[in-house]
2 protein chains.
Amino acid sequence: MARILYSLCGDDTDNRFSPHCWKVVQALRHKGLDFEERAVGFTEIPALENGFSKTVPILRDGDRLIADSFAIALYLEQTYPDAPSLFAGEGGMGMARFVEAYSQSTLHPAITRIAVKNIHDMLAPVDQAYFRKSREPRLGATLEEIATGREAEIAAFAGKLAPLRTMLTHQPFIGGNTPLFADYIVFGALKWAFTTGNSGLLDANDPVLNWFERCELVTETS
Amino acid sequence: MARILYSLCGDDTDNRFSPHCWKVVQALRHKGLDFEERAVGFTEIPALENGFSKTVPILRDGDRLIADSFAIALYLEQTYPDAPSLFAGEGGMGMARFVEAYSQSTLHPAITRIAVKNIHDMLAPVDQAYFRKSREPRLGATLEEIATGREAEIAAFAGKLAPLRTMLTHQPFIGGNTPLFADYIVFGALKWAFTTGNSGLLDANDPVLNWFERCELVTETS
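Residues numbered from 1 in each chain as written. Chains lettered and ligands numbered in written order. Predicted model: local features only at pLDDT ≥ 70, side-chain atom pairs only at ≥ 80, totals over all residues. Heavy atoms only, no water.

**Some details on the overall build of chain A**
Counting secondary structure elements, chain A contains 9 helices and 4 strands. Taken from N to C terminus, the helices and strands of chain A fall in the order β-α-β-β-β-α-α-α-α-α-α-α-α. For 222 residues, the compact-globule estimate of 2.2 N^0.38 gives 17 Å, and the C-alpha radius of gyration of chain A, at 17 Å, lies within 12% of that figure. Taken along the three principal axes of its C-alpha coordinates, chain A extends 50 × 45 × 25 Å. A buried classification covers 55% of the 222 residues belonging to chain A. The contacts of chain A with a sequence gap of at least 6 include a subset with a gap of at least 24, amounting to 67%. (Helix = DSSP H or I, 4+ residues; strand = E, 2+ residues; numbered from the N terminus. Rg over C-alpha atoms; globule rule 2.2 N^0.38 Å. Buried < 20%, exposed > 50% of the residue type's maximum accessible area, 1.4 Å probe, protein only. Contact = heavy atoms within 4.5 Å.)

Written out as structure tokens, the structure is:
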């Protein structure tokens, strides 16, 4: 198959947890594009496609290679203009960057602190060593120290979704009546949390969960 | 003049502070539409235009009356399609609701607690009495009690703008390369803070302040 998505996994290659890779999975499904997902561990990334990128997702589309989830979404929009739009106009493209900034400045630091020890434990041994060595200096603490704050982060997490929850009183998706890439940005963050041992992070009756399931359903049936 | 914006003011009618009214001022300027702004106190609102709305902004456009800032923006977009767009497409319209939800769930409660006592003190005596009677039950505390938490709210405020600050590393406006109504939503929240005795709320070198000035400049020169 000509279209390959390189995506991060744990020791179990079926356990794909990267928020950025999930954004691209949803974007490809939204566009109705077939693809083969190749799960790789952290330490396999530098050798992929002759060292094309230090991070995944990487998309190979025939003879094209693209890295970075937002760049991939822009590429898909430009390359497949007749498939359902991921942005619905210039304004939607601009504002998707705001949604990305919200997700990465508000949700990602919290999920990192909630999930980092679980992520470590899910990885293959060679990736565990890399992960600890790279993450601990970045976070300024050992994985075990961060894990001691996990319950407090979990307690505060639902509050960080207030913008989405408030918006859902007006409309079913960030994109309006149908989901767009901006929805998949926040979807990716929650999928990351849910696939790393935090499936009960939100109350079962939280409207954010219904929105999450709608996002999944739309792309599964497209 | 056929186009009238009813807008909230203090005892000094030049002191117009409502975030929602500022959104509409910016939207009208963005569209290049002339208007007369009529400043009213809280207690004058129920009698405006035969009791059309309990809140301002209210826009009279010839024989049309519209209340609610987002509804007014949608009306202007539909009625003046040849003037510069406020949304730049369906996606931008949907995502503007997300930006509104972010502003109202994250920034507004903080600015309320920072500014509520100042707002009270700025009002005409008759409006002061109304304001205290309506706000204290809603906030669950006296205005003076809320004011005791003001410094702590101010210290935490800049952090609540992290999504905007992060986005500004990618592009100059929430709308992308040019401002859209979504920019004016957050602009309105900050203008509310700045016009109610909190002009020093952000550090002088905060990129958010540069963005704020760019928003003002665009509409002043349009």
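**Notes on the environment of Ala193 of chain A**
All names here are of chain A. Topologically, Ala193 is positioned in helix 8 (residues 181–194). Counting along the chain gives 68 residues from Ala193 to Pro125, while the straight-line C-alpha distance between them is 21 Å. Ignoring sequence-local partners within four residues, the contact set of Ala193 consists of Ile111, Asn198 and Leu201.

**Things to note about the sheet that holds strand 1 (residues 3–8) of chain A**
All names here are of chain A. Strand order in the open sheet formed by 4 strands is 2-1-3-4, with mixed pairing between adjacent strands. Edge positions in the open sheet fall to strand 2 (36–40) and strand 4 (64–67), since each of these has one partner strand only. Each neighbouring strand pair of the sheet contributes to a mean axis angle of 20°, computed without reference to strand direction. Pairing geometry for strand 1 and strand 2, over 5 bridges, is parallel. (Pairing = 2+ DSSP bridges. Axes fitted to C-alpha atoms, helices over the stretch in contact; angles between N-to-C directions.)

**What to know about the pattern of salt bridges**
This structure, assessed with the given rule, holds 26 salt bridges over all chains. Note that Glu216 of chain A is salt-bridged to Lys191 of chain A, the shortest N-O span being 2.6 Å. Of this pair, Glu216 of chain A sits in helix 9 (residues 207–220) while Lys191 of chain A is found in helix 8, placing the two residues 25 residues apart along the sequence. A single burial state applies to Glu216 of chain A and to Lys191 of chain A, both of which are buried. Between Lys31 of chain B and Glu77 of chain B there is a salt bridge, and its shortest N-O distance comes to 3.0 Å. Here the residue Lys31 of chain B occupies a position in the loop between helix 1 (19–30) and strand 2 (36–40), and Glu77 of chain B occupies one in helix 2 (residues 69–79), the gap between them amounting to 46 residues. The pair Lys31 of chain B / Glu77 of chain B is uniform in exposure class, with both members buried. Through salt bridges with shared partners, a single network forms among Arg132, Glu136 and Glu144 of chain A. (Salt bridge = Lys/Arg side-chain N within 4 Å of Asp/Glu carboxyl O.)

**Looking at the relation of the copies chain B and chain A**
With an RMSD of 0.0 Å, the fit of chain B onto chain A corresponds to turning through 180° and sliding 0.0 Å along the axis. Within this description, the copies of the chain are treated as partners about a two-fold rotation axis. Every residue of chain B has its C-alpha some distance from the rotation axis, and the shortest such distance is that of Gly92 of chain B, at 2.0 Å. Of the residues that chain B buries at the interface, 100% are likewise interface residues in chain A, meaning the two copies contact each other through the same surface. (Least-squares fit on C-alpha atoms with pLDDT ≥ 70 in both.)

**Notes on the domain arrangement of chain A**
All names here are of chain A. Segmenting chain A into domains produces domain 1 (3–79) and domain 2 (90–220). Placing a centre on the C-alpha atoms of domain 1 and another on those of domain 2 gives a separation of 18 Å. Between domain 1 and domain 2, the residue contacts involve 22 residues of the former and 29 residues of the latter. Counting the surface lost from both domain 1 and domain 2, the interface buries some 2,300 Å², and carbon and sulfur atoms represent 70% of this. The interface formed by domain 1 and domain 2 holds 0 salt bridges in total. (Domains from an automatic or database assignment. Buried area = accessible area lost by both parts, 1.4 Å probe.)

**Re the interface of chain B and chain A**
Counting residues at the interface gives 29 residues for chain B, matched by 29 residues for chain A. When the two sides are added together, the surface that chain B and chain A hide from each other amounts to roughly 2,100 Å², 76% of it contributed by carbon and sulfur. At the junction of chain B and chain A, the tally comes to 0 salt bridges. At the junction of chain B and chain A, the tally comes to 9 residue pairs in polar contact (both at pLDDT 80 or more). Those elements that provide at least two residues to the side of chain B that touches chain A are helix 3 (90–122) and helix 7 (162–167) of chain B. Among the elements that line the side of chain B that touches chain A, the one with the most residues is helix 3 of chain B, at 14 residues. Split by residue class, the side of chain B that touches chain A holds 15 nonpolar, 11 polar and 3 charged. (Polar contact = N/O pair within 3.5 Å; in protein donor to acceptor, adjacent residues only side chain to side chain. Nonpolar A, V, L, I, M, F, W, Y, C, P; charged D, E, K, R; others polar.)

**With respect to the packing of aromatic side chains**
Tallying each qualifying case throughout the model produces 16 aromatic pairs over all chains. Residues Tyr102 of chain A and Phe98 of chain B carry aromatic rings whose centres are separated by 5.3 Å and whose planes lie at 65° to one another, so their mutual orientation is edge-to-face. One end of the pair, Tyr102 of chain A, is in helix 3 (residues 90–122); the other, Phe98 of chain B, is in helix 3, on a second chain. Side by side, Tyr102 of chain A and Phe98 of chain B carry an identical accessibility label, which is buried. Taking 4.4 Å as the distance between ring centres and 10° as the angle between the ring planes, the aromatic pair formed by Phe187 of chain A and Phe212 of chain A counts as stacked. Here Phe212 of chain A lies in helix 9 and Phe187 of chain A lies in helix 8, a separation of 25 residues in the sequence. Judged by relative accessible area, Phe187 of chain A falls into the buried class, the value being 0%. Ring-pair connections join several aromatic residues into one group, and the members of that group are Phe42, Tyr130 and Phe131 of chain A. In this structure, Lys191 of chain B is placed above the aromatic ring of Trp22 of chain B, and the distance from its NZ or CZ to the ring centre is 4.6 Å. Positioned above the aromatic ring of Phe173 of chain B is the side chain of Arg214 of chain B, whose terminal nitrogen or guanidinium carbon lies 5.4 Å from the ring centre. (Phe/Tyr/Trp six-rings, centres within 6.5 Å; stacked < 30°, edge-to-face > 60°. Lys NZ or Arg CZ within 6 Å of the ring centre and 35° of its normal.)

**Topic: the sheet that holds strand 2 of chain B**
Within a sheet, adjacent strands bond to each other through the backbone by hydrogen bonds, running parallel or antiparallel. Residue and element names in this part refer to chain B. Pairing in this open sheet of 4 strands is mixed, and the strands run 2-1-3-4 from one edge to the other. Since the sheet does not close on itself, it has two edges, and those belong to strand 2 and strand 4 (64–67), each with one partner. Taking each pair of neighbouring strands and ignoring which way they run, the sheet shows an average axis angle of 20°. Contacts from helix 1 reach strand 1 (3–8), strand 2 and strand 3 (58–61), with the element oriented near 150° to strand 1. Helix 2 contacts strand 3 and strand 4 of the sheet and is inclined by roughly 140° relative to strand 4.

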